[in-house]
Amino acid sequence: MNQSKTLAQPPSPDMNAAALRILRRLLAGIERQPALRLGDVLLHEFESHPEYTLIIRDPGLLRRLVLRPDPLLLAEAYFRGTIDIEGDLYTALGLKAHFEKFSLSWRDKLALLRDALILRVSDQDGLKPSRSLASRVARRYSHRHSRQTDRAAISFHYDVSNVFYGLWLDAERVYSCAYFETPDDTLDQAQCNKLEHICRKLRLQPGERLLDIGCGWGALVCWAAREHGVRAHGITLSQQQLEYARERIRSEGLQDLVTVELRDYRDLEGTAVFDKVSSIGMFEHVGLANLPAYYAVVQRVLRPGGLFLNHGITHDEEGWNRTVATEFINRYVFPDGELDCVSNIQLGMERSGFEIHDVEGLRSHYALTLRHWVQRLEARREEALQEVDEVTFRVWRLYMAACALEFEAGGTGIYQIVASKRDDGRWPVPLTRRDLYSGTTP
């Protein structure tokens, strides 16, 4: 991605040499070395055909990296445009792992600081974050998950711009893992596959009542009503999603079958109101301490024998410990989001009285989904910048590319868990899974 701003004055030969010595030391040990540029000046190419070029637009960043070689500092610099990447973004993200393990002795730091003092700092020194970056940083969340903070956290991520999301999501506007029958499926086909797969897992029947917790832009509730004849109700905490979903319901003529409202899951009313409940890509926002309360609400509103499908992201470690990855996600992308390992999620559901019938891992599907999203976002960059500022565009591009690599590496997973509210030992699903793939409705 190119950005027009360059160094205020061309760097001198001494500056170029100093910058190159610093960068060589900071990048020592990286297997796939980038080409290096200071502003518009090419400093060095380690390979004849490097996979990407690392562009430093402010020498002040090198001073900061000498003192604190932190992956979050690199992310912030990228958001501000102090760093740019030309070429393969996914390979460039390997810098994260490098700087997580990297350290300098005080002797090295002093030697590099002598070089750093040679560098001229521009008027746009990266020591001062931009206003647009400050507006994208979530610092007021502490995982308490009150109704107020949960609504603010959801608004932070989802109330960006309906048009912005529409540029790179599929036609159904599904913002969660797609379901690829083959790697060559289009994103649109894979998201339709996913919607239908969920409906089949829930064994939806005409006339049943479906609740979708965290209904997004209304894709699942509309699909379930249109294709399976259920009466569907969705809840969301995003005002922009609500407005879009209501207009969609009107345009598709589904007012008699589908309703949506702005409501916290904790404020759902009634007992045994719904035959089936789905939660797709929402429970990551609930908070680990609040999961028992979340399951209790589903238990209360679901009829005995009713099915509950929980589709959510998991972590490869127990709990949500502070790391570079968790700090990045909570600061720039999903404030107050928390993940746990899938075994703990299942244990919590069982302790809440659910009987688990099916668990399906979709990690490779989400990696493919994210790569599609990144490609589509990049392809429509100019249109996206009509809806959001450059910082927001860069945050979304970087977070989705980084998440694709996390899913590919196995550090992050995603599972669909089908469970039921116990009903005196009655078995609420078919004896086999054959109906999910037979092409006929059970």
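Residues numbered from 1 in each chain as written. Predicted model: local features only at pLDDT ≥ 70, side-chain atom pairs only at ≥ 80, totals over all residues. Heavy atoms only, no water.

Trainee: Lay out the overall build of the protein chain in plain terms, naming residues and giving numbers.
Mentor: Assigned secondary structure in the protein chain consists of 19 helices and 11 strands. What you see for the protein chain is a C-alpha radius of gyration of 24 Å, in line with the 22 Å of a compact globule of 442 residues. Overall, the protein chain is about 80 × 40 × 40 Å in size when its C-alpha atoms are taken along their principal axes. Counting across all 442 residues of the protein chain, residues that qualify as buried make up 58%. Within the protein chain, counting contacts between residues at least 6 apart in sequence, those at least 24 apart form 77% of the total. A total accessible area of about 19300 Å² is found for the protein chain, and carbon and sulfur atoms account for 49% of it. The centroid of the 56 positive side-chain charges in the protein chain is displaced by 4 Å from the centroid of its 61 negative side-chain charges. (Helix = DSSP H or I, 4+ residues; strand = E, 2+ residues; numbered from the N terminus. Rg over C-alpha atoms; globule rule 2.2 N^0.38 Å. Buried < 20%, exposed > 50% of the residue type's maximum accessible area, 1.4 Å probe, protein only. Contact = heavy atoms within 4.5 Å. Areas by Shrake-Rupley, 256 points an atom, 1.4 Å probe, with all protein chains shown as cover. Lys, Arg positive; Asp, Glu negative; His and termini not counted. Charge placed at Lys NZ, Arg CZ, Asp CG, Glu CD.)

Trainee: Please set out the sheet that holds strand 8 (residues 274–280) residue by residue, giving values where relevant.
Mentor: Read from one edge of the open sheet, seven strands run 7-6-5-8-9-11-10, paired in mixed fashion. The open sheet has two edge strands, strand 7 (258–262) and strand 10 (354–361), and neither has a second partner. Each neighbouring strand pair of the sheet contributes to a mean axis angle of 15 degrees, computed without reference to strand direction. Seen against the sheet, helix 13 (residues 291–301) touches strand 5 (209–213), strand 8, strand 9 (302–315), strand 10 and strand 11 (412–421) and runs at an angle of roughly 155 degrees to strand 9. Where helix 16 (residues 363–379) meets the sheet, its contacts fall on strand 9, strand 10 and strand 11, and the angle it forms with strand 11 comes to roughly 125 degrees. (Pairing = 2+ DSSP bridges. Axes fitted to C-alpha atoms, helices over the stretch in contact; angles between N-to-C directions.)

Trainee: Give me the nonpolar core: which residues, what numbers.
Mentor: Counting 85 residues, the largest nonpolar core has Tyr-165, Trp-168, Tyr-175, Phe-328 and Trp-396 as its most contacted members. Residue contributions to this core reach at least three from each of two domains, namely domain 1 (13–118) and domain 2 (147–423). Setting aside residues no more than four positions away along its own chain, Phe-328 makes contact with Leu-72, Ala-75, Phe-79, Val-333, Leu-398 and Tyr-399. (Core = buried A, V, L, I, M, F, W, Y, C linked by side-chain atoms within 4.5 Å. Domains from an automatic or database assignment.)

Trainee: Now, about helix 1 (residues 13–26): what can you tell me, with residues and values included?
Mentor: Here helix 1 is 14 residues long and its end C-alpha atoms lie 20 Å apart, about the 20 Å a rise of 1.5 Å per residue gives. Those residues of helix 1 that sit buried are Met-15, Asn-16, Ala-18, Ala-19, Leu-20, Ile-22, Leu-23 and Leu-26. On the buried face of helix 1, the contacting elements are strand 1 (35–38), strand 2 (41–45), strand 3 (52–56), helix 2 (60–67), helix 5 (94–101) and helix 6 (106–116). (Expected span 1.5 Å × (residues − 1).)

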